[in-house]
Amino acid sequence: MCYTTYFIDMKKILVTGGAGFLGSHLSDRLIAEKNDVLVVDNFFTGSKKNIEHLINNPYFELMRHDVTFPLYVEVNEIYNLACPASPVHYQHDPVQTTKTSVHGAINMLGLAKRTGATILQASTSEVYGDPEVHPQTEDYWGRVNPIGVRSCYDEGKRCAETLFFDYHRQHQLQIKIVRIFNTYGPRMALNDGRVVSNFIVQALSNEEITIYGDGSQTRSFCYVDDLIDAMVSMMNISTEVVGPINIGNPAEYSMLELAEIILKLTGSKSKLVFKPLPSDDPKQRKPDITLAKDKLNWAPKVSVYDGLKETIAYFKKVMGT
Ligand SMILES: NC(=O)c1ccc[n+]([C@@H]2O[C@H](COP(=O)([O-])OP(=O)(O)OC[C@H]3O[C@@H](n4cnc5c(N)ncnc54)[C@H](O)[C@@H]3O)[C@@H](O)[C@H]2O)c1
């Protein structure tokens, strides 16, 4: 096959937020699977470092663009990941966070409508808020404070889901929604205030490890490679599967347990210190992944020990420790 035919036959895939943590891993996967990938990013939390190894690849293209403005490109698939994901970042400019989720969704759905592309939304377990149901199933409507400091993110993502379903019902768009639970791995930002990055940075610097509350609140942690497997399967599965589908690792750890594992894996001498819980911090969060198992034949494979080892190795390199 000649080069041009090969190129024309390739799927053209847009990844918004592709310079971020998850978007850069997704771009790696899509390029490895011989697709033509366009990343758009405004570099609010993303970094060129995350994708610099792709810059000279002929099937990779990078565009600085803010998704709150319309975008005119020709694509077959859209993965809509643009949105800061960590509380410190999304609370920095909460109005822009809501705009990114809501205007960003409208603009990307408009693009999907014009091009006929299938569009996948990176939604979040935060749509469940502080849940009364444990573990959370997709049919649970959530308990979200509409006026709290986290609402710009939670309600923005909820509204984006609404827009996806309305475009699906009203304009027959092919949509996909995944609700992502805490994911970690290499290329997480060091300063993003998320628990895994906080604990690792503090442990590697032999600084005190900050536990909010008494440390009994639990989270489930999914390794990035598992998450990307699920996202790509979701896009490629039958158009009838629109979701929302929970993607996460149901293995549950308290903050104290997580801190202890990280102390062990880093060999750190850090001490634990306890601080008050931030407002609206959910006490428990754990996905029910029955639907992902049934529809995508997916379950996470990477243990928290193996995933944390990879993540710690990355942080050591970046921190030069
Ligand atoms: N990482 C997780 O644990 C997690 C959990 C649930 C949902 N998600 C969702 O997955 C997506 C990716 O998360 P992440 O962890 O990679 O976060 P991230 O902050 O590393 O990546 C987000 C990317 O979006 C870009 N961006 C932000 N606003 C933009 C805008 N207006 N226009 C263009 N680009 C913009 C950022 O610069 C960054 O590159 C987000 O939508 C997030 O809500 C992530």
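Anyway, here's the lowdown on the structure attached to this text. (Residues numbered from 1 in each chain as written. Predicted model: local features only at pLDDT ≥ 70, side-chain atom pairs only at ≥ 80, totals over all residues. Heavy atoms only, no water.)

### Considering the packing of helix H2 (residues 21-32) against helix H7 (residues 224-236)
Alright, step 1. Two elements in contact, H2 and H7, have axes whose closest approach is 10 Å; the angle formed by their N-to-C orientations is 65°. Handedness of the crossing formed by H2 with H7: right-handed. Contact residues: H2 offers Phe21, Leu22, His25, Leu26, Arg29 and Leu30, while H7 offers Val224, Asp225, Leu227, Ile228, Asp229, Met231 and Val232.
Alright, step 2. Here the residues of the contact of H2 with H7 sort into 9 nonpolar, 1 polar and 3 charged. (Axes fitted to C-alpha atoms, helices over the stretch in contact; angles between N-to-C directions. Helix = DSSP H or I, 4+ residues; strand = E, 2+ residues; numbered from the N terminus. Left-handed = near helix turned anticlockwise from the far one by under 90°. Contact = heavy atoms within 4.5 Å. Nonpolar A, V, L, I, M, F, W, Y, C, P; charged D, E, K, R; others polar.)

### Observations regarding the state of the cysteines
Alright, step 1. Throughout the structure, instances matching the rule amount to 0 disulfides.
Alright, step 2. Distance from the sulfur of Cys83, which forms no disulfide, to the nearest cysteine sulfur (Cys152) is 8.3 Å. (Disulfide = S-S within 2.5 Å.)

### Some points on helix H4 (residues 94-115)
Alright, step 1. For H4, which comprises 22 residues, the first-to-last C-alpha distance of 31 Å matches the rise-based estimate of 32 Å (1.5 Å per residue) to within 8%.
Alright, step 2. By the largest-angle criterion, Thr100 marks the main kink of H4, which is about 25°.
Alright, step 3. Burial in H4 covers these residues: Thr97, Thr100, Ser101, Val102, Gly104, Ala105, Asn107, Met108, Leu109, Leu111 and Ala112.
Alright, step 4. Against the buried residues of H4 lie strand E1 (12-16), strand E4 (77-80), helix H3 (87-90), strand E5 (118-124), helix H5 (151-171) and strand E6 (175-180).
Alright, step 5. Looking at the residues trailing H4, positive phi occurs at Gly116, about 75°. (Expected span 1.5 Å × (residues − 1). Bend = angle between axes of the 7 residues up to and from the residue. Buried < 20%, exposed > 50% of the residue type's maximum accessible area, 1.4 Å probe, protein only.)

### Considerations on the site of the ligand
Alright, step 1. If you check the shell around the ligand, you find 30 residues, and the closest are Leu22, Asp41, Thr45, Tyr153 and Lys157.
Alright, step 2. A distance of 3.3 Å separates an oxygen atom of the ligand from a polar backbone atom of Cys83.
Alright, step 3. Here a nitrogen atom of the ligand and a side-chain polar atom of Thr100 are 3.1 Å apart.
Alright, step 4. For the ligand, the accessible surface in isolation is 820 Å², of which the surrounding protein chains cover 97%.
Alright, step 5. Breaking the shell around the ligand down by element, the ones donating at least two residues are H2, H4, E5 and H5.
Alright, step 6. The element best represented in the shell around the ligand is E5, accounting for 3 residues. (Near = heavy atom within 4 Å. Polar contact = N/O pair within 3.5 Å; in protein donor to acceptor, adjacent residues only side chain to side chain. Areas by Shrake-Rupley, 256 points an atom, 1.4 Å probe, with all protein chains shown as cover.)

### Describing the packing of aromatic side chains
The description of an aromatic ring pair uses the distance of the two centres, along with the angle that the planes make with each other.
Alright, step 1. If you walk through the whole model with that rule in mind, you get 6 aromatic pairs.
Alright, step 2. For the ring pair Tyr90 and Tyr153, a centre distance of 4.4 Å and an interplane angle of 5° mean the geometry is stacked. Of this pair, Tyr90 sits in helix H3 while Tyr153 sits in helix H5, and the two are 63 residues apart along the sequence. Per residue, the accessibility class of Tyr90 equals that of Tyr153, and both read buried.
Alright, step 3. With a centroid separation of 6.5 Å and an interplanar angle of 80°, the aromatic rings of Tyr184 and Phe221 are classed as edge-to-face. (Phe/Tyr/Trp six-rings, centres within 6.5 Å; stacked < 30°, edge-to-face > 60°.)

### Comments concerning the pairing of E1
Alright, step 1. Here E1 lies mainly inside the structure; 4 of its 5 residues are buried.
Alright, step 2. With respect to chirality, the unit in which E1 leads through H2 into the neighbouring parallel strand E2 (residues 36-41) is right-handed.
Alright, step 3. Where E1 and E4 come together, 4 bridges link them in parallel fashion. Of the residues in E4, the one forming a bridge with Leu14 is Ile78. (Right-handed = clockwise from strand over helix to strand, strands pointing away. Pairing = 2+ DSSP bridges.)

### A look at helix H10 (residues 304-319)
Alright, step 1. Between its first and last C-alpha, H10 extends 22 Å over 16 residues, near the 22 Å set by a 1.5 Å rise per residue.
Alright, step 2. Burial in H10 covers these residues: Val304, Gly307, Leu308, Thr311, Ile312 and Phe315. An end-on view of H10 places all buried positions within 130° of arc, on one side of the element.
Alright, step 3. Looking at the packing, one finds that the buried side of H10 touches strand E7 (183-184), helix H6 (195-204), strand E10 (222-223), strand E12 (252-254) and helix H8 (255-266).
Alright, step 4. Immediately beyond the C-terminal end of H10, within one or two residues, lies Gly320, with a positive phi of roughly 65°. (Arc of directions from axis to C-beta.)

### A word on the nonpolar core
Alright, step 1. Grouped together as the largest cluster of nonpolar side chains are 62 residues, with contacts concentrated most on Leu26, Tyr79, Val196, Phe221, Met231, Ile247 and Leu308.
Alright, step 2. Ranked by residue count, the leading element in this core is H7, at 8 residues.
Alright, step 3. Core analysis: the second largest hydrophobic core is formed by 26 residues, Leu14, Ala160, Tyr167 and Val242 among them. (Core = buried A, V, L, I, M, F, W, Y, C linked by side-chain atoms within 4.5 Å.)

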